[in-house]
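Structural overview for review
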Amino acid sequence: MFKKFTVGNFLSFHHHQSFTMASESSKRVNNVSNYSINQFSAIFGEHKEDFFTAIKYAKTIFLEGTQSTSPPFCSSAQISNKEIPSSFDFEIYLNGATYSIGFEVDTTSNEIVEQWLLQIDKGKKEILYYYNRITGNHTYKEDLFSNEEFSTIVEKKGLHTLLVSEFAIKKVLFSSIMNWFSTLVVIPNISSYQHKTKTIIKLEDNNQTILKIFEGLFRPVIEGKFSQLEKLLEAEPTVNVAYLHENLFYMRLFNGNETVWFEICCKNYSKEISSLLFLLLSMEEGIPVFVNIVENILAPSLLTQFITYFFSIGQNKEVQLVIGTEETTLLNTNFLKKNEMWFVTQGDLLASRLISYDCFFFEEGKDIAAAYKAGEFSYT
């Protein structure tokens, strides 16, 4: 489960900025341990793409190291930032515990200079490992590393991979963390997104629940298309499935007497929207999905309906979705909670700040959309 992300000295982010899904509300949350985590957030602002780029960049470092990436793009707020590492930190809930895991990357050599893994329990932090390649300072729990293992790490001249990645095969905890990062979905621009690895997903919910979620959106296919789809999936033993064929979304459901194929009946739904709906149903519990610029393919009414579909799915699964959008019709406290609305605003040195609507104090009944358009969410 995703709780918090902090980024510093990267693109438009100068000072460290944090985005959190932690919530004190009981509405649309996943309850874990002794706190609650939001299922949904929408991020607004001119430089919101920098947030999604930072998430994707950090994921790449976890999975592939720095050698497969371009040198980090340090903030241009000050010239001295070229000499300061870029910083990335995630707080995640995994296997019954909360962890803070992150790293810093040298903006010139593209090498990892500092990295850490902490376990957070009821506000207390326990260092599982910490290593600064420049100073040589390090500490680690002996049940995670042997002296020989860490001596080998310290003796390295350069560091391009993270310890959690390098030792994932040997450490169960590290393997779980790496699996979390490998399965989280980051889509910086939905317009160019296509499902490449998965075209069939098993539907765990019962038929009535699925059809209720997408009420009025699907219709049974005609007989000729039924035969075609059955032939395409003749090797698939599971009856209830969602199927993405030629970028169009279908569902095969068994109602107790017969198999019924369903297709989208609304003409306004494009192939890209089929991919989005397929994405919703393929969401894994505990794994966040980040999608930017959704309004590029969704008209306001369809975007609202898409989010409503997600809310319905979230009633039965512990899922999380973060979208980036400029659709101001969503800036409505009758639709979204205050802490589900986030803004990338402009602060000192023209640098970006991440701030929740929860942190603004407007009078009751404030027209949030009008205030946003008027620039009232920026500090200059």
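**Thoughts on the packing of helix H1 (residues 48-64) against helix H4 (residues 172-183)**
Contact geometry for H1 and H4: axes closest at 9 Å, N-to-C directions at 135°. Between H1 and H4, the crossing angle belongs to the class labelled oblique. Crossing angle aside, the handedness with which H1 passes H4 is left-handed. Listed contacts from H4 to Lys-59, Phe-62 and Leu-63 of H1 are Met-178, Phe-181 and Ser-182.

**Quick look at H4**
End to end, H4 covers 17 Å across 12 residues, agreeing with the expected 16 Å (1.5 Å per residue, within 8%). Turning to H4, its buried residues number three or more, namely Leu-173, Phe-174, Ile-177, Met-178, Trp-180 and Phe-181. Projected down its long axis, H4 carries its buried residues within an arc of 155°, all on one side.

**Observations concerning the environment of Val-185**
Along the chain, Val-185 falls in strand E12 (residues 185-187). For Val-185 and Ile-287, which are 102 residues apart along the polypeptide, the C-alpha to C-alpha distance reads 7.9 Å. Dropping the residues within four chain positions of it, Val-185 is found in contact with Leu-279, Pro-288, Val-289 and Phe-290.

**Looking at H1**
Relative to the 24 Å expected for 17 residues at 1.5 Å per residue, H1 spans 25 Å between its end C-alpha atoms, a close match to the ideal helical length. Burial runs high along H1: 12 of the 17 residues are buried. By the burial criterion, the buried members of H1 are Lys-48, Asp-50, Phe-51, Phe-52, Ala-54, Ile-55, Tyr-57, Ala-58, Lys-59, Thr-60, Ile-61 and Phe-62. At the exit of H1 stands Gly-65, carrying a positive phi of roughly 80°.

**What to know about the pattern of salt bridges**
Under the criterion given, the structure shown has 11 salt bridges. Put simply, Glu-340 and Arg-28 hold a salt bridge, and the shortest N to O gap is 2.8 Å. With Glu-340 in the loop between strand E19 (320-324) and strand E20 (341-346) and Arg-28 in the loop between strand E3 (22-23) and strand E4 (29-32), the pair connects residues that are 312 residues apart, well separated along the chain. A salt bridge links Arg-133 to Glu-111; the nearest nitrogen and oxygen atoms lie 2.9 Å apart. On the criterion of sequence distance, the pair formed by Arg-133 in the loop between strand E10 (124-132) and strand E11 (138-140) and Glu-111 in the loop between strand E8 (97-105) and strand E9 (112-121) is long-range, its members being 22 residues apart. By the burial criterion, Arg-133 is buried, and Glu-111 matches it. In the salt-bridge network here, residues are joined through shared partners; they are Glu-126, Lys-141 and Asp-143.

**With respect to unusual backbone geometry**
Both trends apply: most residues other than glycine have a negative phi, and most peptide bonds are in trans. With a phi angle near 55°, Asn-95 is a residue other than glycine that sits in the positive phi range. Turning to its location among the elements, Asn-95 is positioned in the loop between strand E7 (86-94) and E8.

**Things to note about the sheet that holds E10**
Reading across from one edge, E2-E1-E7-E8-E9-E10-E11 is the order of the seven strands in this open sheet, with antiparallel pairing throughout. Sheet topology places strand E2 (17-20) and E11 at the edges, where each strand pairs with a single neighbour. Adjacent strand axes in the sheet meet at a mean angle of 20°, parallel and antiparallel pairs treated alike. Relative to E2, strand E1 (residues 2-8) runs antiparallel, the two being bridged by four bridges. Its bridge partner being in E2, Lys-4 is matched across the sheet by Thr-20. Lying on the sheet, H1 is in contact with E1, E2, E7, E8 and E9; it crosses E7 at an angle near 80°. Across the face of the sheet, helix H2 (residues 147-155) comes into contact with E10 and E11 while running at roughly 155° to E11.

Parameters at a glance
Residues numbered from 1 in each chain as written. Predicted model: local features only at pLDDT ≥ 70, side-chain atom pairs only at ≥ 80, totals over all residues. Heavy atoms only, no water. Axes fitted to C-alpha atoms, helices over the stretch in contact; angles between N-to-C directions. Helix = DSSP H or I, 4+ residues; strand = E, 2+ residues; numbered from the N terminus. Parallel < 35°, antiparallel > 145°, perpendicular 65-115°, else oblique. Left-handed = near helix turned anticlockwise from the far one by under 90°. Contact = heavy atoms within 4.5 Å. Expected span 1.5 Å × (residues − 1). Buried < 20%, exposed > 50% of the residue type's maximum accessible area, 1.4 Å probe, protein only. Arc of directions from axis to C-beta. Salt bridge = Lys/Arg side-chain N within 4 Å of Asp/Glu carboxyl O. Pairing = 2+ DSSP bridges.

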